[in-house]
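# Chains, contacts and geometry: an overview
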Amino acid sequence: MDIDDLARRVLAGERRALARAITLIESNRADHRALALELGAKTAVAGREALRLGLSGTPGVGKSTFIEAFGKLLTARGLRVAVLAVDPSSARSGGSILGDKTRMEELSRDPNAFIRPSPSQSQLGGVARRTREVVTLCEAAGFDIVLIETVGVGQSETMVAEMSDIFLLLLAPAGGDELQGVKRGIMEIADMILINKADGELKAVANRTRSDYAGALHLMRKRPEDPEGFPKAMTVSAVSGDGLEGSWDEMRALADWRRAHGHWERRRASQARHWFEEEVRLGLLARLSESPEMRHCMKDLGDSVASGRMAPFAAAREMLAKLDAAR
Ligand code: GDP
């Protein structure tokens, strides 16, 4: 494989080259890994920075409808948009619900858009880690916006927030008592809450839901990286398009403010550190499964823990001592 040529074509923004490069990144083969790292180094061009938008929401809330409409609004402004997904179900089944080909049909035909389903890896950590690499590759390919979608199920949201400049939570209109159902953790990482489906009969409920969340956000937190009025709750309709433009204005206002006040760089710096540490952590875990002896030891100690013969902490200590001894 000619990595120089592939790097050149990715930098020129060729979508087919980008797709090939991503396949390389997602491969688990050791030789592919080495090539992917080389590609990463060759495409790391200073100054190419996209706005990274994370988007989460439970199935059915309207994520794909929103991305289709919002993505088209952005490409109509001449912006190039890449859509990636972190799908926790792909970690379990090897298949991806977010990769469904019929989603975002119009956007996928738009020459200024690039849509890539979730990588299928055996672990969520693996899925997120590869997606994080792909984000930087999309920036190298000159995309202005990289939108990373995930399903609202705990850990995957945190991982996507860790690779986003702005994290959006999409919610459906609902009665006040359902406010309790949204985990506090997600409210803490969301920069904007968008109440979708604010159209037709649902409009009034959506407005009420919005003010409930606005109140809750206001009570909950004030972070130094938020300007006045953020985190913000807004209503949108992915179907009618109402509120999409307004939400884009707010995203830009937030991004500009953070850039002007140094929060942008700080956030990216701490995210880079996080992914470095995560990579080391995953690398150490991989070491454990590479050596047959370590694998057996993990299995035996795991069995001891499962059967109650050993406490988890004691077993972990013993495992780490084995690792030390093996060096
Ligand atoms: P996802 O699972 O989060 O990707 O949700 P989808 O985008 O597939 O949407 C789920 C359902 O909600 C579909 O039937 C959509 O037509 C509908 N839907 C999405 N956005 C809106 C909206 O803004 N208004 C209304 N009324 N329905 C919507």
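Here is a short report on the structure shown in this document. Along each chain, residues carry numbers from 1 onward, in the same order as the chain's sequence is written. Where local features are concerned, this predicted model is filtered to residues with pLDDT of at least 70; where side-chain atom pairs are given and counted, the filter is 80 or more; whole-chain, interface and lining totals use all residues. Excluded from the side-chain calculations are hydrogens and water; all other atoms, namely the structure's heavy atoms, are used.

### Quick look at the overall build of the protein
Helix numbers and strand numbers start at the N terminus; a helix is a DSSP run of H or I with at least 4 residues, a strand a run of E with at least 2. In terms of regular secondary structure, the protein is built from 14 helices and seven strands. The globule rule used for comparison is 2.2 Å times the number of residues to the exponent 0.38, while the radius of gyration itself is calculated over C-alpha atoms. For a compact globule of 327 residues, the expected C-alpha radius of gyration is about 20 Å, and the protein comes in at 21 Å, within 12% of that figure. Along the longest, intermediate and shortest principal axes, the C-alpha atoms of the protein span 65 × 55 × 40 Å. Restricting to contacts in the protein with at least 6 residues of sequence separation, those with at least 24 account for 76%. In the structure as shown, the protein presents an accessible area of about 16,100 Å², 54% of it carried by carbon and sulfur atoms. A positive count includes Lys and Arg, and a negative count includes Asp and Glu. His and the chain ends are not counted in either. Charge coordinates come from a single atom per side chain, which is NZ of Lys, CZ of Arg, CG of Asp or CD of Glu. Once the 47 positive and 46 negative side-chain charges of the protein are each reduced to a mean point, those two points are 2 Å apart. For this analysis, residues touch if any pair of their heavy atoms sits within 4.5 Å. The protein chains shown are the only cover counted for residues, whose accessible areas, like all others here, come from Shrake-Rupley with a 1.4 Å probe.

### Let's talk about the packing of helix 12 (residues 263-290) against helix 13 (residues 292-306)
Axes here mean lines fitted to C-alpha atoms, for a helix over just the part in contact, with angles spanning 0 to 180 degrees between N-to-C directions. One can describe the packing of helix 12 onto helix 13 by two numbers: an axis separation of 5 Å at closest approach and a directional angle of 95°. Judged by the angle between their axes, helix 12 and helix 13 are roughly perpendicular. Residues Leu288, Ser289 and Glu290 of helix 12 lie in contact with helix 13, whose contacting residues are Pro292, Met294, Arg295 and Met298. Across the contact of helix 12 with helix 13, the residue classes tally to four nonpolar, one polar and two charged. These descriptions rest on fixed angle ranges, namely under 35 degrees for roughly parallel, over 145 for roughly antiparallel, 65 to 115 for roughly perpendicular, and the rest for oblique. Amino acids outside the nonpolar list (Ala, Val, Leu, Ile, Met, Phe, Trp, Tyr, Cys, Pro) and the charged list (Asp, Glu, Lys, Arg) are all regarded as polar, and Gly is one of them.

### Quick word on the side chain of Thr75
Relative to the assigned elements, Thr75 resides in helix 4 (residues 63-76). Burial classes follow relative accessibility: with a 1.4 Å probe on protein chains only, a residue under 20% of its type's maximum area counts as buried, one over 50% as exposed, and anything between as partly exposed. Classification of Thr75 by relative accessible area gives buried; the value is 8%. The contacts of Thr75, once residues within four sequence positions are left out, are Val81, Leu107, Asp110, Asn112 and Ala113.

### Quick word on the pattern of salt bridges
Within this document, salt bridges are pairs made up of a side-chain nitrogen of Lys or Arg and a carboxyl oxygen of Asp or Glu, the two lying within 4 Å of each other. Overall, the coordinates contain 27 salt bridges when judged by the stated rule. Among the ionic pairs, Arg77 bridges to Glu245, the shortest N-O distance being 2.4 Å. Placement of the pair is Arg77 in the loop between helix 4 and strand 2 (81-86) and Glu245 in helix 11 (residues 244-260), with a sequence separation of 168 residues. By relative accessible area, Arg77 is classed as partly exposed at 38%. By relative accessible area, which is 43% here, Glu245 ends up partly exposed. When the shortest N-O distance is used, the salt bridge between Arg223 and Asp226 registers 3.0 Å. Here the residues in one salt-bridge network are Asp191, Arg223, Glu225, Asp226, Arg258 and Arg267, joined through shared partners.

### So, the site of the ligand
The near set for a molecule or strand comprises every residue that places at least one heavy atom within 4 Å of it. Taken together, 15 residues form the shell around the ligand, and within it Gly60, Lys63, Ser64, Thr65 and Asp199 come nearest. Residues adjacent in sequence count toward polar contacts only when both atoms are side-chain atoms; beyond that, a polar contact is any pair of N or O atoms within 3.5 Å, and within protein one must be able to donate a hydrogen and the other to accept it. Asp199 has a polar side-chain atom sitting 2.6 Å from a nitrogen atom of the ligand. A distance of 3.2 Å separates an oxygen atom of the ligand from a polar backbone atom of Val239. Computed on the free molecule, the ligand has an accessible area of 580 Å², of which 67% lies beneath the protein chains in the complex. Here the residues of the shell around the ligand are counted per class, giving four nonpolar, seven polar and four charged.

### Some remarks on the pairing of strand 5 (residues 166-171)
The buried fraction of strand 5 is high, at six of six residues. Alternating residues of strand 5 divide into Ile166, Leu168 and Leu170 and Phe167, Leu169 and Leu171, and every residue in both groups is buried. In this sheet, strand 5 lies alongside strand 1 (residues 51-57) in parallel orientation, the contact comprising four bridges. Considered in strand 5, the bridge of Ser56 is made with Leu169. The sheet contact formed by strand 5 and strand 6 (residues 192-195) spans four bridges and is parallel. Residue pairing for strand 6: Leu171 is matched across the bridge by Ile195. Here, a strand pair is defined by DSSP locating no fewer than two bridges between the strands.

### Considerations on the nonpolar core
Definition of nonpolar core: a set of buried residues of the types Ala, Val, Leu, Ile, Met, Phe, Trp, Tyr and Cys, connected through side-chain atoms within 4.5 Å. The biggest cluster of nonpolar side chains holds 47 residues, and the ones touching the most others in it are Leu18, Leu137, Cys138, Val146 and Ile193. Ranked by the residues each element gives to this core, the list is headed by helix 7 (residues 124-140), at seven residues. Excluding residues within four positions of it along the chain, Cys138 makes contact with Leu18, Ala82, Leu84, Phe143 and Val146. Judged by nonpolar contacts, the second largest core, of 32 residues, contains Leu74, Val83, Leu194 and Phe230.

### Details of the packing of helix 4 against helix 11
With their axes 10 Å apart at the nearest point, helix 4 and helix 11 run at an angle of 70° to one another. On the basis of their axis angle, the class for helix 4 and helix 11 is roughly perpendicular. In this structure, helix 4 crosses over helix 11, and the sense of that crossing is right-handed. Contact residues: Phe66, Ala69, Phe70, Leu73 and Leu74 in helix 4; Leu244, Glu245, Ser247, Trp248 and Met251 in helix 11. Handedness of a crossing follows from how the near helix is turned relative to the far one, being left-handed for an anticlockwise turn of less than a right angle and right-handed for a clockwise one.

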